[in-house]
Amino acid sequence: MDFILEEWTKQFQKDQELTALNDAEAFEAFAGYCVLSSYHEDDFNPDQFRMGGGDDLGIDVAAVVVNGELLGDPDEVREAVRKAKQLDVRFVVIQAKRSEKFETKVFTDLADNLVQVFRRASMTYKRSEDVANLRACVDAVYENVSKLSKGLPKLAVHYVTTGRPGDNLLDEKRLAAAKRLRELDMFEDVDVVAVGASQLRDLYKKASEAVGASFTMPKKLPLPKIPGVEQAFIGVLPARKLVEKVLTDPNGGIRKVLFYENVRDFQGYNSVNAEIRGTIQDPDRRERFAVLNNGITIVAREMTTAGEEVHIRDFQIVNGCQTCHVLFDQQESLSDGVHVNVRLIQSNDEDVIGGIIAATNRQTAVSEDDLAARESFHKKLEDYFAAQPEPRRLYYERRSRQYSGEASVERTRVITRPQLTKAYAAMVLDDPAGTGRYARLKSKHEKLLFQPHHDPRVYYTTAAAFYRLEWLFRNKRAFWGYRAARHHLLAALKARLVGTGAWPHGVTGKNACDKILDVVWNPLQSEHHFGELLSVVVAAQAEAEADRAGVLLSDLVRTERFAERVRRGALGPSS
């Protein structure tokens, strides 16, 4: 194996706490991380998309990118499809081998297996539950063909080794595999790629870097010195350049990661966005765009300028999410005369950044509930997590890739807002069956999440339990294949240790936190308790399969009936 990639894989395995994986499995996770990062620039769990065990049909890693979201769970795909007005979908499939050579038959076999996964007829090949989940994701996309008006899904197939592609026969097999998959007439485009050592190194370097962009901005004016701001400019940028140089990711999609700090996601073509689209499509009005639109605000933590050249790194578009999405969607209608007002601000002061976000969004029709995304309670959580003793320290990520440049921070100890929200709902609110749909979860429990009077200790405790369970998924083979039931296991642990019902904040809540923390920070005790609760999940799954054969675990975990079975099993026979 390539020496550099071998060392990088070992370090990656250590950073991601994947020490229980053998060399082949660790390389699969590493290759999956490198390739998937080229389609999704935000952080993600690299082991989450790796197939485990046999009957995987040669698929080592698989994911679905739906409108910029990286997904691997059928219910998450269904939710993303449900809420979208139009769909931009890409399926990514990876086979990864440590070998220093490519085997030509891999492309042929993989294409044959993928025909089984993507064709509309039922699968006849024996397959693992992971492959069955992938097929369920595929079905969820094609059940809503009407939303594919912009084009059918794209398929990207990557065969990764540590060798060097270039063999003529390999190329013939690669092209033949692509042709066979195109003949399904299920895809807008099929890309079958051989990824060798050199390409994999480049992918890893890009995956490890913060988001950056370089562009020419001839019409800009520097602002006077501002406290907390290193430098700032106002100016205009050609809309085409904004789309090409800033908004578009390496695979042609919109860079969703840029809008993490923006308090609202794209709202579709509501009346305001439809008017923006109308302006762009109107030949007489499009060149007035700069005076008809408020423009965008970019906050960068690094910015260098040299004449007209601007380079920004680790940046966010904090205002202008709607404008950017419409420009990206309507890029074919953009002419050279369409310009966008741009405010460029360089700052590393979180209070200044928070103030910019709140101020720029209050100038639009954003509600106070939307602005709660930047409220001080999240900062309090961040400080509380980081203040714990080192062995128990976790990091709450308030903004995307917040800790990506800090080598001292273990990636597995970083807890994102969606992860924390779901863990809290499962354990504190006793709603493990409702955690699959993040948007619905937030809406359902809006008044019960991240309230100013809440005790940070409760959130930290649920995060610690989540961290320990994820560690078991990565390092204990008995837990492999049951990741879909993670929130039921969290709820079951809470039920076993402190009982069911609402978990109060205050003194009583502190006692519950202490009981749970004593277990989850003890590796032997946590493995013992979660191991017994895993048996409860397995029993609940068997009971459900007796009622309906062939039901997927990923579907079971969304039902309250399954949650009740696990809850009852966690409490013991007397319940």
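In what follows, the accompanying structure is described.

Rules behind the numbers
- Residues numbered from 1 in each chain as written.
- Predicted model: local features only at pLDDT ≥ 70, side-chain atom pairs only at ≥ 80, totals over all residues.
- Heavy atoms only, no water.
- Helix = DSSP H or I, 4+ residues; strand = E, 2+ residues; numbered from the N terminus.
- Rg over C-alpha atoms; globule rule 2.2 N^0.38 Å.
- Buried < 20%, exposed > 50% of the residue type's maximum accessible area, 1.4 Å probe, protein only.
- Salt bridge = Lys/Arg side-chain N within 4 Å of Asp/Glu carboxyl O.
- Pairing = 2+ DSSP bridges.
- Axes fitted to C-alpha atoms, helices over the stretch in contact; angles between N-to-C directions.
- Parallel < 35°, antiparallel > 145°, perpendicular 65-115°, else oblique.
- Contact = heavy atoms within 4.5 Å.
- Phe/Tyr/Trp six-rings, centres within 6.5 Å; stacked < 30°, edge-to-face > 60°.
- Lys NZ or Arg CZ within 6 Å of the ring centre and 35° of its normal.
- Expected span 1.5 Å × (residues − 1).
- Polar contact = N/O pair within 3.5 Å; in protein donor to acceptor, adjacent residues only side chain to side chain.
- Disulfide = S-S within 2.5 Å.
- Core = buried A, V, L, I, M, F, W, Y, C linked by side-chain atoms within 4.5 Å.
- Left-handed = near helix turned anticlockwise from the far one by under 90°.
- Nonpolar A, V, L, I, M, F, W, Y, C, P; charged D, E, K, R; others polar.
- Arc of directions from axis to C-beta.

### Quick notes on the overall build of the chain
Next, step 1: A tally of helices and strands in the chain yields 22 helices and 13 strands.
Next, step 2: For the chain, the C-alpha radius of gyration of 24 Å lies close to 25 Å, the compact-globule estimate for 575 residues.
Next, step 3: Referenced to the eigenvectors of the C-alpha coordinate spread, the extents of the chain come out at roughly 75 × 65 × 50 Å.
Next, step 4: Relative to its full complement of 575 residues, the chain shows a buried share of 53%.

### Points about the pattern of salt bridges
Next, step 1: This structure, assessed with the given rule, holds 43 salt bridges.
Next, step 2: Residues Asp139 and Arg120 are paired through a salt bridge, measuring 3.3 Å at the closest nitrogen-oxygen approach. Residue Asp139 is found in helix H5 (residues 129–142), and its partner Arg120 is found in the loop between helix H4 (104–118) and H5; the two are separated by 19 residues along the sequence.
Next, step 3: Overall, Asp139 belongs to the partly exposed group, its relative accessible area being 22%.
Next, step 4: Salt bridges linked by common partners bring Glu28, Asp47, Arg50, Glu470, Arg483 and Arg486 together as one network.

### Remarks on the sheet that holds strand E7 (residues 219–222)
Next, step 1: Strand order across the open sheet formed by 6 strands is E6-E10-E9-E11-E8-E7, with mixed pairing between neighbours. Looking at strand neighbours, the two that pair on one side only are strand E6 (212–216) and E7, the edges of this open sheet. Strand-to-strand, the axes of this sheet are offset by a mean angle of 35°, without reference to chain direction.
Next, step 2: Relative to strand E10 (residues 309–319), strand E9 (residues 296–306) runs antiparallel, the two sharing 9 bridges. By the bridge assignment, Thr297 is partnered in E10 with Asn319.

### Quick word on the environment of Tyr260
Next, step 1: Inspection of the secondary structure puts Tyr260 in the loop between helix H8 (239–247) and helix H9 (271–281).
Next, step 2: Sequence separation between Tyr260 and Val520 is 260 residues; the distance between their C-alpha atoms is 31 Å.

### Examining the packing of H4 against helix H6 (residues 168–182)
A pair of packed helices can be characterised by two numbers: the angle between their axes and the separation between those axes.
Next, step 1: Put simply, H4 and H6 touch, their axes get as near as 8 Å, and they point 10° apart. When the axis of H4 is compared with that of H6, the two are roughly parallel. Each of Thr104, Phe107, Thr108, Ala111, Asp112, Leu114 and Val115 in H4 lies in contact with H6, whose residues at this interface are Leu169, Leu170, Lys173, Arg174, Ala177, Arg180 and Leu181.

### Quick look at the packing of aromatic side chains
By convention here, two paired aromatic rings are described through the distance between centres and the angle between planes.
Next, step 1: With the rule as written, the count across this model stands at 23 aromatic pairs.
Next, step 2: Seen from their ring centres, Phe102 and Tyr159 are 5.1 Å apart, and the 90° between their planes marks the pair as edge-to-face. In this pair, Phe102 is assigned in the loop between strand E3 (89–96) and H4 and Tyr159 in strand E4 (residues 154–160), connecting sequence segments 57 residues apart.
Next, step 3: The exposure class assigned to Phe102 is buried, which follows from its relative accessible area of 14%.
Next, step 4: For Tyr159, a relative accessible area of 1% corresponds to the buried category.
Next, step 5: A connected cluster of aromatic rings, assembled from ring pairs, spans Trp8, Phe12, Phe27, Phe30, Tyr33, Phe44, Phe49 and Tyr204.
Next, step 6: A cation sits over an aromatic face here: Arg50 above Trp480, 5.3 Å from the ring centre.
Next, step 7: Over the aromatic face of Phe233 sits the side chain of Lys220, whose NZ or CZ is 5.8 Å from the ring centroid.

### Concerning helix H2 (residues 23–37)
Next, step 1: Look at H2: 21 Å from first C-alpha to last across 15 residues, which is about the 21 Å you get at 1.5 Å a residue.
Next, step 2: Counted residue by residue, H2 has 13 buried out of 15 residues, so it is predominantly covered.
Next, step 3: The distance from a side-chain oxygen at the start of H2 to the backbone nitrogen of Ala24 is 3.1 Å, and the residue carrying that oxygen is Asn22.

### Observations concerning the state of the cysteines
Next, step 1: If you walk through the whole model with that rule in mind, you get 0 disulfides.
Next, step 2: Counting only cysteine sulfurs, Cys324 is the nearest neighbor of Cys321, a cysteine outside any disulfide, at a range of 7.2 Å.
Next, step 3: The exposure class assigned to Cys324 is buried, which follows from its relative accessible area of 0%.

### Here's the deal with the nonpolar core
Next, step 1: In this structure, Leu420 and Phe530 are the most contacted members of the largest nonpolar core, which totals 52 residues.
Next, step 2: In terms of residue count, the dominant contributor to this core is helix H17 (residues 456–475) (11 residues).
Next, step 3: The residues contacting Phe530, other than those within four sequence positions of it, are Ala465, Arg468, Leu469, Leu472, Phe479, Leu489, Leu490 and Leu493.

### Considering the packing of helix H18 (residues 486–498) against helix H22 (residues 560–571)
Next, step 1: Closest axis-to-axis distance for the H18/H22 pair is 9 Å, and the angle between their directions is 35°. In the packing of H18 onto H22, the handedness of the crossing is right-handed. Across the interface between the two elements, His488, Ala492, Ala495 and Arg496 of H18 pack against Phe562, Ala563, Val566, Ala570 and Leu571 of H22.
Next, step 2: Its residues assigned to classes, the contact of H18 with H22 comprises 7 nonpolar, 1 polar and 1 charged.

### Quick notes on the sheet that holds strand E2 (residues 69–71)
Next, step 1: The 5 strands lie next to each other as E2-E1-E3-E4-E5, forming an open sheet whose pairing is mixed. Taken across any chain shown, the strands that pair with only one partner, and hence form the sheet edges, are E2 and strand E5 (189–195). Sheet twist, expressed as the mean angle between neighbouring strand axes with direction ignored, is 20°.
Next, step 2: Across 7 bridges, the pairing between E4 and E5 is parallel. In the sheet register, Ala156 faces E5, and the bridge partner there is Asp191.
Next, step 3: Along the sheet, H4 makes contact with E3, E4 and E5, crossing E4 at roughly 145°.
Next, step 4: The strands touched by H6 are E4 and E5; relative to E5, the strand with the most contacts, the crossing angle is about 155°.

### Description of H8
Next, step 1: Along H8, the positions that sit buried rather than exposed are Ala239, Leu242, Val243, Val246 and Leu247. Each buried residue of H8 lies within a common arc of 115° when the element is viewed along its axis, so the set occupies one face.
Next, step 2: Its buried side turned inward, H8 meets E6, strand E8 (231–238), E9, E10, helix H11 (321–329) and strand E11 (339–346).

### What about unusual backbone geometry?
Next, step 1: Positive phi values are uncommon outside glycine, yet Asp185 reaches one of about 55°.
Next, step 2: Along the polypeptide, Asp185 turns up in the loop between H6 and E5.
Next, step 3: Accessibility expressed as a relative area gives 63% for Asp185, which makes it exposed.
Next, step 4: Phi is positive for Phe450, close to 55°, though the residue is something other than glycine.
Next, step 5: Positionally, Phe450 belongs in the loop between helix H16 (438–444) and H17.
Next, step 6: Phe450 sits in the buried class, given a relative accessible area of 9%.

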